[in-house]
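Results of the structural survey
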Amino acid sequence: MRAVKPKKAKELPYRRKGSSDFLKPTLGGLIVRYVLLAIMTVIVIGPLVFQLATSFKGPLDDIYNFPPSLIPTDPTLQNYVRVQDFIPVYLYAWHSLLVAIGTVITNAAFSTFGGYALGCMEFKGKKIVMGILLSTMLLPGEVTITSQFLTVKAFGLADSLWGVFLPGAVGAMNVLLITTACRAIPRDMLAAATIDGATTWQRIQHMVWPNIKGMVSVVAIFSFIGAWDDFLWPLIVLTDPAKYTLTVGMAYLSGNFADPRLVAAGTMIALVPIVILFSVMQKHFFAGVEEGAVKG
């Protein structure tokens, strides 16, 4: 007869009284954690769910009742069609997408090269460059927005998507993030590659990039979200409504047409690209956040 293996006792997620496993919370601590998690979930996800439900509500739904109903009684997709009648929301989304994609590409490229130079190379004035980058982070963006506008205007890029894109083409924070990732690469590896005759591009391609691509993913996601959600700068640069980005167009929709159903539909349209991007890049994003050293 085959021996029956004894079943393992189910491991509890909390620490029993008198247990020495202090890595687990007590039962009361576990309950408090779940209560706090539920509260934070309602605070963070609640408005999004409410907007999603409102975007599908028809004329017969009361959107002002309290507590709000999250299940439409008169569901419809017409709100996503009607919003196009008031503003060219899909054209505005296309403009925002162009600016965001360009921002991602330039930030990923320039931050990689800049981070490699600051993290892996030695040259005169390196500390001065680092000081300048750090000093730019101490000032709020509103302080330099006038000079940015005058610069863009001098280049003849005012009232254009190029003018919206240019100031965000590379960010100091992104360069510093890649610099930190590059500093984790052993100098001996780079020195050995240099002795073997590897060019700068070969060192970046075969040694630096595999170890920083997770952090570059973090930079790409933050750059996309920052460019997609930017409101103040496009509002200042753009004067022609036909060239608006989605955030400016949504502000115009909210200010002139107060139907919350249309505003909610426009909000959902604006949210879709970010959800898709994060869904595709979340693996690399969390890997980039967690990476702190080169694996052997």
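Our subject in this report is the structure included herewith.

The rules we used
Residues numbered from 1 in each chain as written. Predicted model: local features only at pLDDT ≥ 70, side-chain atom pairs only at ≥ 80, totals over all residues. Heavy atoms only, no water. Salt bridge = Lys/Arg side-chain N within 4 Å of Asp/Glu carboxyl O. Helix = DSSP H or I, 4+ residues; strand = E, 2+ residues; numbered from the N terminus. Axes fitted to C-alpha atoms, helices over the stretch in contact; angles between N-to-C directions. Parallel < 35°, antiparallel > 145°, perpendicular 65-115°, else oblique. Left-handed = near helix turned anticlockwise from the far one by under 90°. Contact = heavy atoms within 4.5 Å. Nonpolar A, V, L, I, M, F, W, Y, C, P; charged D, E, K, R; others polar. Buried < 20%, exposed > 50% of the residue type's maximum accessible area, 1.4 Å probe, protein only. Core = buried A, V, L, I, M, F, W, Y, C linked by side-chain atoms within 4.5 Å.

Quick look at the pattern of salt bridges now. Pairing is possible between side chains that carry opposite charge, provided their charged atoms lie close to one another. The tally for this structure, following the rule as stated, stands at 2 salt bridges. The salt bridge partner of Lys126 is Glu122, with a shortest N-O separation of 3.7 Å. Among the salt bridges present, the one from Glu122 reaches Arg187, with a minimum N-O distance of 3.6 Å. Of the two residues, Glu122 sits in the loop between α3 (89-120) and α4 (126-136) while Arg187 sits in helix α8 (residues 187-195), which places them 65 residues apart along the sequence.

Moving on to the packing of α4 against helix α7 (residues 172-183). At their nearest, the axes of α4 and α7 sit 9 Å apart, and the two run at 135° to each other. Looking at the two axes, α4 sits oblique to α7. Crossing angle aside, the handedness with which α4 passes α7 is left-handed. Taking contact as the criterion, the partners of Met130, Leu133, Leu134 and Thr136 in α4 are, on α7, Ala172, Val175, Leu176 and Arg183. Taken together, the residues of the contact of α4 with α7 sort by class into 6 nonpolar, 1 polar and 1 charged.

Quick look at the side chain of Asn107 now. Topologically, Asn107 is positioned in helix α3. For Asn107, a relative accessible area of 2% puts it in the buried group. Setting aside residues up to four positions removed in sequence, Asn107 forms contacts with Thr112, Gly168, Ala169, Val170, Gly171, Asn174, Val219 and Ser223.

So, about the nonpolar core. Counting residues in each nonpolar core, the largest one holds 32 residues, and the members touching the most others are Val89, Val164, Phe224, Trp228, Trp233, Leu246 and Leu253. If you list the elements that add at least two residues to this core, you get α2 (78-86), α3, α5 (145-154), α6 (161-165), α9 (200-229), α10 (232-237), α11 (246-256) and α12 (260-290). When near neighbours in sequence (up to four residues on either side) are disregarded, Leu253 contacts Val83, Phe86, Ile87, Leu262 and Val263. Ala181, Cys182, Leu190 and Met207 belong to the second largest nonpolar core, which has 17 residues in total.

Remember, this is a structural readout, not a statement about activity or role.
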